[in-house]
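As a plain string of letters, each chain reads:
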Amino acid sequence: MEASVGFSLKSSYFTNNDNKYGGKYTGIGRVSTVHLGFQRSQTVNLVDLTRNRVSIKSENPPLKISRCHKKSAASVELHNSFDEALILKRKSQEVLPNLNERCIYLVGMMGSGKTTVGKILSQVLGYSFFDSDKMVEQAVGISSVAQIFKQHSEAFFRDNESEVLRDLSTMRRLVVATGGGAVIRPVNWKYMKQGVSVWLDVPLDALARRIAAVGTASRPLLDEESGDAYTKAFAKLTALFEQRSDAYPNADIRVSLEDMAAKQGLNDVSALTPTAIAIEALLKMETFFAEKIAVRNS
Ligand SMILES: Nc1ncnc2c1ncn2[C@@H]1O[C@H](COP(=O)(O)OP(=O)(O)O)[C@@H](O)[C@H]1O
Ligand SMILES: O=C(O)C1=C[C@@H](OP(=O)(O)O)[C@@H](O)[C@H](O)C1
């Protein structure tokens, strides 16, 4: 597996018609495009419950972040995203040696951002990204988790989920977005504890809003209640979280979006970008490793 990173910064001119005087001005803007491009793939050979061998290739689309320096809210936002990209890259380089090629397992409720943040972390670390749900779908040859629940059962899904996590635990340099329920089986923690587990702790209201935006059809455990998407998602997420509230804290690291927002004086976690959350996860990993080293040296 080869990984390469390229930064390309270029300046250019821009014309902006929407300044506050209603006039037209041309400014000299600094358009910087930051490419975090990794060319790599890694194949995982799985053995499913019927002992068929399945090979699955990781995919990592290049992450592209670009910004244009203008005196507008948009440029402030783009400036922040450019800064976030640089902080993310620098922090990843600082954490990599202590990670020591161990896998990172993202855990958290449905909609907590495991896939979104996981892809960002994998790209900046030069790791391969795997979504355990997708691997279960490929291992059993059924196109969706919802169909697996329907054609077989949740227990059948959970058995395959454990098989996938067992196989992934034999590998190195992976970021794994686990399914929200992976934490409920102790055997899965045996596999995930061979790497570093990170809990994305997101308020239920934010989860329900995110899931309502994409619909509950792909999440069979949420698709049971009647009512509008937000209401049924919130009701079911609340019940599920109550059942799992002792499980998620087993993770090595907790990234609380509520704590992040409070520290930044924000009153809504939806203002926190996936990149900012990835940076927080790396900061927490740094602390986690430092504490382990301190204990080892004491
Ligand atoms: N920090 C964030 N802010 C706003 N929306 C987010 C954030 N992270 C993820 N999302 C959105 O929430 C939904 C669920 O994200 P996803 O990464 O699929 O979660 P999971 O893999 O934990 O189920 C997606 O539509 C995604 O775009
Ligand atoms: O919380 C759960 O029990 C589940 C979460 C889903 O994954 P996401 O967390 O990616 O939605 C998927 O594994 C399945 O629908 C069960």
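As a reminder, the structure under discussion sits directly above these lines.
The structure presented is a predicted model; accordingly, all values stated were derived computationally and were not measured.

1. Remarks on the overall build of the chain
Regarding its fold elements, the chain presents 10 helices and 12 strands. Sorting the 298 residues of the chain into buried and exposed places 48% on the buried side. Contacts in the chain between residues at least 24 apart in sequence constitute 71% of all its contacts with a sequence separation of at least 6. Element-wise, carbon and sulfur atoms account for 52% of the exposed surface of the chain, whose accessible area totals about 14,700 Å².

2. A look at the site of ligand 1
Taken together, 14 residues lie around ligand 1, and Gly111, Lys114, Thr115, Thr116 and Arg219 are the ones closest in. The separation between an oxygen atom of ligand 1 and a polar side-chain atom of Lys114 is 2.8 Å. Here an oxygen atom of ligand 1 sits 2.8 Å away from a polar atom, N or O, in the side chain of Arg219. Surface burial for ligand 1 is 74%, taken as the share of its 560 Å² of free accessible area covered by protein chains. Mapped onto the shell around ligand 1, the elements with two or more residues apiece are helix H2 (114-125), helix H7 (204-214) and helix H10 (274-297). By residue number, the principal contributor to the shell around ligand 1 is H2, which donates three residues. Residues that form the shell around ligand 1 fall into these classes: five nonpolar, six polar and three charged.

3. Section: the nonpolar core
Counting 72 residues, the largest nonpolar core has Leu121, Val198, Leu237, Val255 and Met285 as its most contacted members. Per element, the largest residue contribution to this core is nine residues, and it comes from H10. For Val255, the contacting residues outside a window of four places in its chain are Val198, Trp199, Leu200, Asp201, Met260, Ile277, Glu280, Ala281 and Lys284.

4. Some words on the sheet that holds strand S9 (residues 128-131)
With respect to topology, five strands assemble into an open sheet ordered S9-S10-S8-S11-S12, the strand pairing being parallel. Sheet topology places S9 and strand S12 (253-256) at the edges, where each strand pairs with a single neighbour. Neighbour-to-neighbour, the strand axes of this sheet turn through a mean angle of 20°, independent of strand direction. In this structure, strand S8 (residues 104-107) lies alongside strand S10 (residues 174-177), joined through three bridges in parallel fashion.

5. With respect to unusual backbone geometry
Of note, Glu101 is a non-glycine position whose phi angle comes to about 70°, a positive value. Structurally, the position occupied by Glu101 is in the loop between helix H1 (73-99) and S8. Unlike most non-glycine residues, Arg173 shows phi in positive territory, near 60°. Secondary-structure assignment places Arg173 in the loop between helix H5 (154-168) and S10.

6. Thoughts on the pattern of salt bridges
When charged atoms on two side chains of opposite charge get close, those side chains can pair. One pass over the full model with this rule turns up 15 salt bridges. Of the charged contacts, one joins Glu101 and Arg173 as a salt bridge, the two residues approaching to 3.9 Å between their closest N and O atoms. One end of the pair, Glu101, is in the loop between H1 and S8; the other, Arg173, is in the loop between H5 and S10, and 72 residues separate them in sequence. Look at Glu101 and you get partly exposed, because its relative accessible area is 37%. We classify Arg173 as partly exposed; its relative accessible area is 23%. With its nearest N and O atoms 3.4 Å apart, the salt bridge here joins Arg209 to Asp268. One end of the pair, Arg209, is in helix H7; the other, Asp268, is in the loop between helix H9 (257-263) and H10, and 59 residues separate them in sequence. Several salt bridges share partner residues, and in doing so they unite Lys91, Glu94 and Glu286 into one network.

Cut-offs used in this document
- Every chain is numbered on its own, with residues counted from 1 as its sequence reads.
- By the order in which they are written, chains take letters starting at A while ligands take numbers starting at 1.
- Given that this is a predicted model, residues contribute local features only at a pLDDT of at least 70 and side-chain atom pairs are listed and counted only at 80 or more, while totals for whole chains, interfaces and linings are drawn from all residues.
- To obtain the side-chain values, all non-hydrogen atoms of the structure were included, while hydrogens and water were left out.
- Only DSSP runs of H or I covering at least 4 residues are called helices, and only runs of E covering at least 2 are called strands; the numbering of each starts at the N terminus.
- For every residue, the accessible area obtained with a 1.4 Å probe (protein chains only) is divided by the maximum for its type, and the residue is called buried under 20%, exposed over 50%, and partly exposed between those limits.
- Whether two residues are in contact is decided by their heavy atoms: any pair within 4.5 Å suffices.
- For every accessible area listed, the method is Shrake-Rupley and the probe measures 1.4 Å; residues are considered covered only by the protein chains on display.
- Near, as used in this document, describes a residue that has one of its heavy atoms within 4 Å of the molecule or strand being considered.
- Any pair of N or O atoms that falls within 3.5 Å is considered a polar contact. Within protein, one atom must be able to donate a hydrogen and the other to accept it, and sequence-neighbouring residues count only if both atoms are side-chain atoms.
- Here the term charged refers only to Asp, Glu, Lys and Arg, the term nonpolar to Ala, Val, Leu, Ile, Met, Phe, Trp, Tyr, Cys and Pro, and the term polar to all other amino acids, Gly among them.
- Residues belong to one nonpolar core when they are buried, are Ala, Val, Leu, Ile, Met, Phe, Trp, Tyr or Cys, and are joined through side-chain atoms within 4.5 Å.
- Here, strands pair whenever DSSP counts at least two bridges between them.
- Lines fitted to the C-alpha atoms define the axes, with helices restricted to the stretch that makes contact. Angles between their N-to-C directions range from 0 to 180 degrees.
- Salt bridges are counted wherever a side-chain nitrogen of Lys or Arg sits within 4 Å of a carboxyl oxygen of Asp or Glu.

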